[in-house]
Amino acid sequence: QMVLSEKVNQLMEWASKRSVIRMNGDKFRRLVKAPPRNYSVIVMFTALQPHRQCVVCKQADEEYQILANSWRYSSAFTNKIFFAMVDFDEGSDVFQMLNMNSAPTFINFPAKGKPKRGDTYELQVRGFAAEQLARWVADRTDVNIRVIRPPSYAGPLMLGLLLAVVAGLVYLRGSNLDFLYNKTGWAFAALCFVLAMTSGQMWNHIRGPPYALKNPHTGQVNYIHGSSQAQFVAETHIVLLFNGGVTLGMVLLHEAATSDMDVGKRKIMCIAGIGLVVLFFSWLLSVFRSKYHGYPYRY
């Protein structure tokens, strides 16, 4: 059995080389499970090998690396907490020991005692964004980590491209700027923004949920989260499509009632509009019922 000082020195040596310490079954039992220990270890149990086809594992690993790097290169870095990883293909015995059958999973092994219920991170509810993980770590260990993300130039580049396009249009059509007063164009842009926000895009940006979730037992991929307290990115796209279908149906109904077309075309538009509203609203209500269990109404 290793004495405490040997354990701490070993972990500090590994942490100086890599922010997330990779562990197999032997390392996990010696440094995480076995006493004595005066440090906490945050362990991500995952399956990163390509043949496992765990897309969520790769996405969660990227956020986990950002969190661990933020702590490793922080001026407040101490030996009170370490970040580790156990891959299924390197430590399947650890998964069996902990009766674990899903990945990724984050567990805090506290400095004293065994992990409690709150020491298992609620991934499906809170998402795996580094900021959310940092809040959970602070709650379980009293160690506050300021997440520092690598600089991303995608946002400024897209903004610059948009401004360049607008400037190009103004330059090419400098003598005729009537397109800036086009109500249809502005209405379409506003509608796209509203649909994106009402479908939960901002929630995804804040929480960083997985795109979808694969059931490890059945292999079935779930695109709709079963709880009203969370959602997947794919769910946002589905709800966006359904809301867009309902909106298109309402637009067709409005055009059928107010346009100057002949009666035959207006009837076709009316029938198409009613069909779109009924179909997409019924699907939207089905999604709502799957998340709010016991909802009594159908359509």
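Analysis parameters
- In this numbering scheme, every chain counts its residues from 1 along its sequence in written order.
- Totals for whole chains, interfaces and linings use all residues, but because this is a predicted model, local features are given only for residues with pLDDT of at least 70 and pairs of side-chain atoms are given and counted only at 80 or more.
- Only heavy atoms go into the side-chain values, all of them from the structure, while hydrogens and water stay out.
- By the criteria applied, helices consist of DSSP H or I runs no shorter than four residues and strands consist of E runs no shorter than two, each listed in order from the N terminus.
- Here's how the labels work: a residue is buried when its accessible area is under 20% of the maximum for its type, exposed when over 50%, partly exposed in between, all with a 1.4 Å probe on protein chains only.
- Contacts are residue-level and defined by heavy atoms, with any inter-residue pair within 4.5 Å sufficient.
- What a helix is expected to span follows from its residue count: subtract one and scale by 1.5 Å.
- Remark: nonpolar core denotes a set of buried residues (Ala, Val, Leu, Ile, Met, Phe, Trp, Tyr, Cys) joined through side-chain atoms within 4.5 Å.
- Two cysteine sulfurs form a disulfide in these notes if their separation is within 2.5 Å.
- Salt-bridge detection follows one rule: a side-chain nitrogen of Lys or Arg within 4 Å of a carboxyl oxygen of Asp or Glu.
- Being paired, for any two strands, means DSSP has found at least two bridges between them.
- Throughout, an axis means a line fitted to C-alpha atoms (over the contacting stretch in the case of helices), and angles, computed between N-to-C directions, take values from 0 to 180 degrees.
- UniProt positions are given in the numbering used here, feature names are shortened, and annotations may be inferred rather than shown by experiment.
- Nitrogen and oxygen atoms within 3.5 Å of one another constitute a polar contact, given that in protein one can donate a hydrogen and the other can accept it, and given that sequence-neighbouring residues count only through two side-chain atoms.
- These domain limits were set by an automatic method or by a database of domain assignments.
- Buried area is a sum: the accessible area each of two parts loses on coming together, probed at 1.4 Å, counted once for each and added.

A tally of helices and strands in the protein chain yields 11 helices and 6 strands. Seen along its three principal axes, the alpha-carbon backbone of the protein chain occupies a region of about 90 × 55 × 35 Å. Going through the 299 residues of the protein chain one by one, you find that 35% of them count as buried. Of the contacts formed within the protein chain by residues at least 6 apart in sequence, a portion of 66% connects residues at least 24 apart.

Residues spaced three or four apart along an α-helix face the same direction, because each turn holds 3.6 residues. Between the first and last C-alpha of helix 8 (residues 183–198) there are 22 Å, a value that for 16 residues agrees with the 22 Å anticipated at 1.5 Å per step. Gly200 occupies a position one or two residues after helix 8 and carries a positive phi of about 105 degrees.

All right, on to the nonpolar core then. Membership of the largest hydrophobic core comes to 28 residues, with the highest contact counts inside it found for Leu67, Phe83, Phe106 and Val137. Counting residues per element, the ones that place at least two in this core are strand 2 (40–46), helix 3 (55–72), strand 3 (81–87) and helix 6 (130–141). When residues in this core are grouped by element, the largest group, 8 residues, is from helix 3. Contact partners of Val137, with chain neighbours within four places excluded, come to Ile42, Leu67, Ile81, Phe83, Asp142, Val143 and Ile145.

Now for the state of the cysteines. One pass over the full model with this rule turns up 1 disulfide. Paired through a disulfide, Cys54 and Cys57 show a sulfur-sulfur distance of 2.1 Å. What sets the handedness of the Cys54 and Cys57 disulfide is the S-S torsion sign, and at about 70 degrees it is right-handed. One exposure class covers both Cys54 and Cys57, and it is buried.

Attention shifts here to the pattern of salt bridges. Evaluation of the coordinates by the stated rule reveals 10 salt bridges. In this structure, the salt-bridge partner of Asp89 is Arg52, at a minimum N-O distance of 2.8 Å. Here Asp89 is found in the loop between strand 3 and helix 4 (92–97), whereas its partner Arg52 is found in the loop between strand 2 and helix 3, with 37 residues between them in sequence. The partly exposed category is assigned to Asp89, whose relative accessible area is 35%. The salt bridge involving Arg149 is made with Glu131; its shortest N-O contact spans 2.9 Å. In this pair, Arg149 sits in the loop between helix 6 and helix 7 (154–172) while Glu131 sits in helix 6, placing the two residues 18 residues apart along the sequence. For Arg149, a relative accessible area of 37% translates into the label partly exposed. A single salt-bridge network, built from bridges that share partners, covers Glu63, Glu131 and Arg149.

On to the sheet that holds strand 2, then. Taking strand neighbours across the sheet as the criterion, the 4 strands line up as 1-3-2-4 in an open arrangement whose pairing is mixed. Looking at strand neighbours, the two that pair on one side only are strand 1 (20–22) and strand 4 (105–109), the edges of this open sheet. On average, each strand axis in the sheet is inclined to that of its neighbour by 30 degrees, with strand direction left out of account. As paired strands, strand 2 and strand 3 are joined by 7 bridges and run parallel to one another. Among the inter-strand pairings, Thr46 is bridged to a residue of strand 3, identified as Asp87. The sheet contacts of helix 3 involve strand 1, strand 2, strand 3 and strand 4, and relative to strand 3 the element is tilted by about 160 degrees. Strand contacts of helix 6: strand 2, strand 3 and strand 4, with the helix running at about 25 degrees to strand 4, the strand carrying the most contacts.

The residues that UniProt annotates with the feature "transmembrane region" (unreviewed entry) are residues 153–172, 184–203, 238–256 and 268–288. Regarding residues 184–203, the helix share stands at 90% and the strand share at 0%, and the terminal C-alpha atoms are separated by 28 Å. Along residues 268–288 one finds 100% helix and 0% strand; the C-alpha atoms at either end are 30 Å apart.

Here the focus is the side chain of Lys291. Following the sequence through the fold, Lys291 ends up in helix 11 (residues 263–291). Since its relative accessible area comes to 11%, Lys291 is described here as buried. In this structure the side chain of Lys291 is engaged in a polar contact, spanning 3.1 Å, whose partner is the side chain of Glu235. Beyond its immediate chain neighbours, meaning those up to four positions away, Lys291 contacts Ile224, His225, Gly226, Ser227, Ser228, Ala230, Gln231 and Glu235.

Domain annotation of the protein chain identifies domain 1 (4–141) and domain 2 (180–291). Here the C-alpha centre of domain 2 lies 39 Å away from the C-alpha centre of domain 1. The partner domain 2 presents 15 residues to the 12 residues of domain 1 that form the contact. On the domain 1 side of the interface with domain 2, the three residues burying the most area are Asn101, Gln124 and Val125, jointly 41% of the side's total. Between the two partners, domain 1 and domain 2, sit 0 salt bridges. Examining the composition of the side of domain 1 that touches domain 2, we find that 3 residues originate from one element, helix 5 (residues 123–126), more than from any other.

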